[in-house]
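A closer look at the structure
Now for the letters of each chain:
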Protein chains: 2
Amino acid sequence: MIKEEFKLDNQLCFRLYTASRLLTQAYHPLLSEYGLTYPQYLVLLVLWEKDAQPVNDIAKRLLLETNTVTPLLQRMEKEGILVRRKGEKDARQMIVSLTEKGWELQKKLADVPAIVGNSVLCDSVTPETAPELFRMLDGIIGKLSAPSTLS
Amino acid sequence: MIKEEFKLDNQLCFRLYTASRLLTQAYHPLLSEYGLTYPQYLVLLVLWEKDAQPVNDIAKRLLLETNTVTPLLQRMEKEGILVRRKGEKDARQMIVSLTEKGWELQKKLADVPAIVGNSVLCDSVTPETAPELFRMLDGIIGKLSAPSTLS
DNA sequence: TCTTTTTATATCGCAAACGATATATTGAAT
DNA sequence: ATTCAATATATCGTTTGCGATATAAAAAGA
């Protein structure tokens, strides 16, 4: 008999992995209409909150590495959604700013959060229980993103 | 002011996406020691539960498409972890079976579930609250993987 | 039987992720 | 001022994911 711990149905990570993929897929038809991918949408969320940020700040906000974010931003720049210009105070930085097209997407995507939000509602996930889910996911993220235990 | 719904901190998907990535990263040092990736580890979990399955069954169990699973299996076959042979009853199928090396990995990875499981424990995720988290994630997965509402 | 449709895999192309490494600029130390 | 270390991006290579499409075999229909 297989060890209980090895059963797929007892694995937290597989659930997170699957839920993440499926929810990203739920975004797909809504975003692809405007030529966007989900990670690109995340970049937009970050820049809509605060425009003109260096690559590093965007990467940190998304808990991604710059080697993931840089090519992503380059693709978005090619699409005319944003521009990257060298920092004035610090010439190492690339400051990323939205173009008019980037801001227009905010209006066009206005309904996306509500549509996707509704798509996950079910018996176990309701407006009442969602905060608890958020708390638990934040706990996991906080634990795993914490600088590994200093001795 | 930005719409409340557009704030990154109010997004379920971003949390799932991040938690999934970070937890997968937690597996990395444990798996790369044996040359495995996390999706490859998932395939092993499936085959340890039931050996000799067609590609399609493995894909369905992992809620992945065969165009993701096929190349993954080909790489694992090249590593000598499993073999793929044509089905006898149905010549379209490829039956995937573990090799001796594939079974040995089960012993070598025996501690992985416990190590990773411990790594996520925190104030909001405990052995007591974990079942509730599982229930909510299962709800989301069930809702999103359900064949879209038949009219 | 012969054609058509469905099913099971596989191939292709592109966009992430991410470890590893390279490059340039800044800041710190001597 | 010079050297050295830290910081900010960028590049490279590999593996996933996944939409789109191709191929082969089985199943269903005429």
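Now for a quick tour of the structure. (Residues numbered from 1 in each chain as written. Chains lettered and ligands numbered in written order. Predicted model: local features only at pLDDT ≥ 70, side-chain atom pairs only at ≥ 80, totals over all residues. Heavy atoms only, no water.)

Along chain A, the regular secondary structure elements total 7 helices and 3 strands. In sequence order, chain A lays out its α and β elements as α-α-β-α-α-β-β-α-α-α. Counting only C-alpha atoms, chain A reaches 60 × 45 × 30 Å along its principal axes. Classification of the 151 residues of chain A by burial places 46% in the buried group. Contacts in chain A between residues at least 24 apart in sequence constitute 47% of all its contacts with a sequence separation of at least 6. Surface accessibility of chain A: about 8000 Å² in total, with carbon and sulfur atoms responsible for 53%. (Helix = DSSP H or I, 4+ residues; strand = E, 2+ residues; numbered from the N terminus. Buried < 20%, exposed > 50% of the residue type's maximum accessible area, 1.4 Å probe, protein only. Contact = heavy atoms within 4.5 Å. Areas by Shrake-Rupley, 256 points an atom, 1.4 Å probe, with all protein chains shown as cover.)

On to the pairing of strand β3 (residues 94–98) of chain B, then. Residues and elements named next belong to chain B. Of all 5 residues in β3, 4 are buried; the element is thus mostly enclosed. Pairing between strand β1 (residues 53–54) and β3: 2 bridges, direction antiparallel. Among the inter-strand pairings, Pro 54 is bridged to a residue of β3, identified as Ile 95. Two elements, strand β2 (residues 82–86) and β3, share 5 bridges in a ladder whose sense is antiparallel. Within the sheet, the bridge partner assigned to Val 83 lies in β3 and is Ser 97. (Pairing = 2+ DSSP bridges.)

A positive phi is found at Ala52(B), a non-glycine position, where the angle reads about 60°. Mapped onto the fold, Ala52(B) is located in the loop between α2 (38–49) and β1.

This next bit is on the interface of chain B and chain A. Contact residues are listed per partner, giving 61 residues for chain B and 61 residues for chain A. A per-residue breakdown of the area chain B buries against chain A is headed by Phe6(B), Arg15(B) and Met136(B), which together make up 12% of the total. Run the count over chain B and chain A and you get 4 salt bridges. A salt bridge links Arg61(B) to Asp9(A), with the shortest nitrogen-to-oxygen separation between them at 3.5 Å. Summed over the shared surface of chain B and chain A, the result is 18 residue pairs in polar contact (both at pLDDT 80 or more). Elements that contribute at least two residues to the side of chain B that touches chain A include exactly α1 (12–32), α2, α3 (55–62), α6 (112–119) and α7 (130–145) of chain B. Here the element with the most residues in the side of chain B that touches chain A is α1(B); it accounts for 15 residues. Along the lines of polarity and charge, the residues of the side of chain B that touches chain A split into 37 nonpolar, 12 polar and 12 charged. (Buried area = accessible area lost by both parts, 1.4 Å probe. Salt bridge = Lys/Arg side-chain N within 4 Å of Asp/Glu carboxyl O. Polar contact = N/O pair within 3.5 Å; in protein donor to acceptor, adjacent residues only side chain to side chain. Nonpolar A, V, L, I, M, F, W, Y, C, P; charged D, E, K, R; others polar.)

Next up on the list: the relation of the copies chain B and chain A. The transformation that overlays chain B on chain A combines an axial shift of 0.0 Å with a rotation of 180°, and the residual RMSD is 0.0 Å. Each copy turns onto its partner about a two-fold axis. A shared binding surface is used by both copies, with 100% of the interface residues of chain B retained as interface residues in chain A. (Least-squares fit on C-alpha atoms with pLDDT ≥ 70 in both.)

Around DNA strand D sit 26 residues, and of these Tyr17(A), Gln25(A), Arg92(A), Thr37(B) and Arg75(B) come closest. Gln25(A) is positioned such that a nitrogen or oxygen atom in its side chain is 2.5 Å from a phosphate oxygen of DNA strand D. Take Arg75(B): an N or O atom from its side chain is 2.5 Å from a phosphate oxygen of DNA strand D. When residues of the surface near DNA strand D are traced back to their parent elements, those giving at least two are α1 (12–32), α3 (55–62) and α4 (66–78) of chain A together with α2 and α4 (66–78) of chain B. Taken together, the residues of the surface near DNA strand D sort by class into 8 nonpolar, 12 polar and 6 charged. (Near = heavy atom within 4 Å.)

Another aspect to go through is the sheet that holds β2(B). One open sheet accounts for 3 strands, arranged β1-β3-β2 (chain B); its pairing is antiparallel. Either end of the sheet is taken by a strand with one partner, and the two such strands are β1 and β2 of chain B.

Across all of its chains, the model carries 14 salt bridges over all chains by this definition. Among the ionic pairs, Arg61(A) bridges to Glu49(A), the shortest N-O distance being 3.1 Å. Of this pair, Arg61(A) sits in helix α3 while Glu49(A) sits in helix α2 (residues 38–49), placing them 12 residues apart in sequence. Residue Asp90(B) pairs with Arg92(B) through a salt bridge whose shortest N-O separation is 2.9 Å. Overall, the relative accessible area of 23% leaves Asp90(B) in the partly exposed class. In the salt-bridge network here, residues are joined through shared partners; they are Asp9(A), Glu49(B) and Arg61(B).

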